[in-house]
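Descriptive structure summary
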Amino acid sequence: MNKLTHESYWTNIWEQRKNTLQNIKDLYKWILFHDFRKLLSKLFKQKQNILEIGSSPGIMLRNISKSIGPAQLTGIDYAKNSKNETLRYLKKYGINAIIEEKDIFNYDTNEKLDIVMSFGLIEHFSDPTEILIHHKKLLKKGGQLFVSIPNFNIPLVKYLLSLYRKEDFDTHNFDLMNPERLRYYFKRIQMTDIKTGYVMPMFLPAPYQSRYIISFFIAIWNFLCPIFPINKKWSAYIWITGKK
């Protein structure tokens, strides 16, 4: 199936978020994701039926709710305990959503959707064609697919990941991290009206465990990065959208 990750990988990732320091990081990311919310509000109309694939722990569902406004929100994720964690997170901010703990490859809906989204998912496949087909099949005719992936294919970022986040390094498809490569796969699954671009200033990945000198350097960079202009070499995410 071309998967580069497994269920325990995602379960471990979200377990590491359960501490005060992570709450501070989440607040900072909420501020930083202002550019992402502006992009979503520009691309999509309000009052849509929206699904996020890989929705735990709910951060992007919160951003979607804020940027697009009233909508029927659904999130699915196959990490263990993802449903409870996501519902708990969304409840803090008064956001209602249907959350299901399921694998996208075994998931379907009775009613096709206006918008299907995923953030940081398809780059965990050596060939994303099959996972994108499963995104597309959930859309109604004329529905929009939106995908974003991290812009890790930058020498410094790749080096830092290889240095202290080896599992992340091994589970990302760096060749996919290019707008034209994403466009190729969207064309391959016959999406139309394709648009792509970059969003958010580049923040560097922090170590999961304390490494004081590196952590200090990264904290300073990430605090200052919002003042730098966004460009293709130093943006945090690459995005693409198209219609069915």
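Please refer to the structure placed before this passage.
Just so you know, these numbers come straight off a predicted model, no measurement behind them.

Considering the overall build of the chain
Looking only at helices and strands, one finds 10 helices and seven strands in the chain. For the chain, the proportion of its 244 residues judged to be buried stands at 52%. By sequence separation, contacts in the chain at least 24 residues apart represent 78% of the contacts at least 6 residues apart. Accessible surface, the chain as shown: approximately 12500 Å² in total, 54% of it carbon and sulfur.

Focus on the pattern of salt bridges
Under the definition given, this model contains 10 salt bridges. For D108, the salt bridge identified is with K112, shortest N-O distance 3.4 Å. Take K112: its relative accessible area is 30%, and that puts it in the partly exposed class. The salt bridge partner of D170 is K166, with a shortest N-O separation of 2.8 Å. With a gap of four residues between them, D170 and K166 both fall in helix α8 (residues 166-170), about one helical turn apart. D170 gets classed as partly exposed once you look at its relative accessible area, which sits at 44%. Classification of K166 as partly exposed rests on a relative accessible area of 46%. Each of the salt bridges in this network shares a partner with another, and the network as a whole consists of D193, K195 and K243.

Quick look at the sheet that holds strand β7 (residues 235-243)
Taken together, the seven strands give an open sheet; going across it, the order is β3-β2-β1-β4-β5-β7-β6, and neighbouring strands pair in mixed fashion. The two strands at the open ends of the sheet, each matched to only one other strand, are β3 (98-100) and β6 (192-201). Neighbouring strand axes in the sheet, compared pairwise and without regard to direction, differ in orientation by 15° on average. Relative to β3, strand β2 (residues 72-76) runs parallel, the two sharing three bridges. Directly across from I76, in β3, lies its bridge partner E100.

Focus: the pairing of strand β4 (residues 113-119)
Most of β4 sits out of view: seven of its seven residues are buried. Of the pairings in the sheet, the one linking β4 to strand β5 (residues 139-150) comprises six bridges and is parallel in character. The partner of L113 across the bridge, within β5, is L139.

With respect to helix α3 (residues 34-43)
Listing the buried residues of α3 in full gives F36, R37, L39 and L40. Around the axis of α3, the buried residues are gathered within 160° of arc, so they sit on the same side.

With respect to the packing of aromatic side chains
The geometry of an aromatic ring pair comes down to the distance between the two centres and the angle between the two planes. Under the counting rule described, the total for this entry stands at 12 aromatic pairs. Note on F146 and W239: the rings are 6.2 Å apart at their centroids and 15° apart in plane angle, and the pair reads as stacked. Of this pair, F146 sits in strand β5 while W239 sits in strand β7, placing them 93 residues apart in sequence. Look at F146 and you get buried, because its relative accessible area is 0%. What makes W239 buried here is its relative accessible area of 9%.

Description of the environment of G197
Among the structural elements, G197 can be located in strand β6. Judged by relative accessible area, which is 14%, G197 ranks as buried. Separated by 44 residues in the primary sequence, G197 and T241 place their C-alpha atoms 9.3 Å from one another. Aside from chain neighbours lying at most four places away, what touches G197 is Y237, I238 and W239.

Considering the side chain of N49
Here N49 lies in strand β1 (residues 49-53). In contact with N49, not counting residues within four places along its chain, are Q72, E111, L113, D114 and I115.

Here we look at the environment of P207
The residue P207 is located in the loop between β6 and α10 (212-224) in this model. A sequence separation of 42 residues divides P207 from R165, and the C-alpha atoms of the two residues are 6.6 Å apart. When residues no more than four places from it in sequence are discounted, the contact partners of P207 are Y164, R165, I214, S215 and I218.

How each quantity is defined
- Residues numbered from 1 in each chain as written.
- Predicted model: local features only at pLDDT ≥ 70, side-chain atom pairs only at ≥ 80, totals over all residues.
- Heavy atoms only, no water.
- Helix = DSSP H or I, 4+ residues; strand = E, 2+ residues; numbered from the N terminus.
- Buried < 20%, exposed > 50% of the residue type's maximum accessible area, 1.4 Å probe, protein only.
- Contact = heavy atoms within 4.5 Å.
- Areas by Shrake-Rupley, 256 points an atom, 1.4 Å probe, with all protein chains shown as cover.
- Salt bridge = Lys/Arg side-chain N within 4 Å of Asp/Glu carboxyl O.
- Pairing = 2+ DSSP bridges.
- Axes fitted to C-alpha atoms, helices over the stretch in contact; angles between N-to-C directions.
- Arc of directions from axis to C-beta.
- Phe/Tyr/Trp six-rings, centres within 6.5 Å; stacked < 30°, edge-to-face > 60°.

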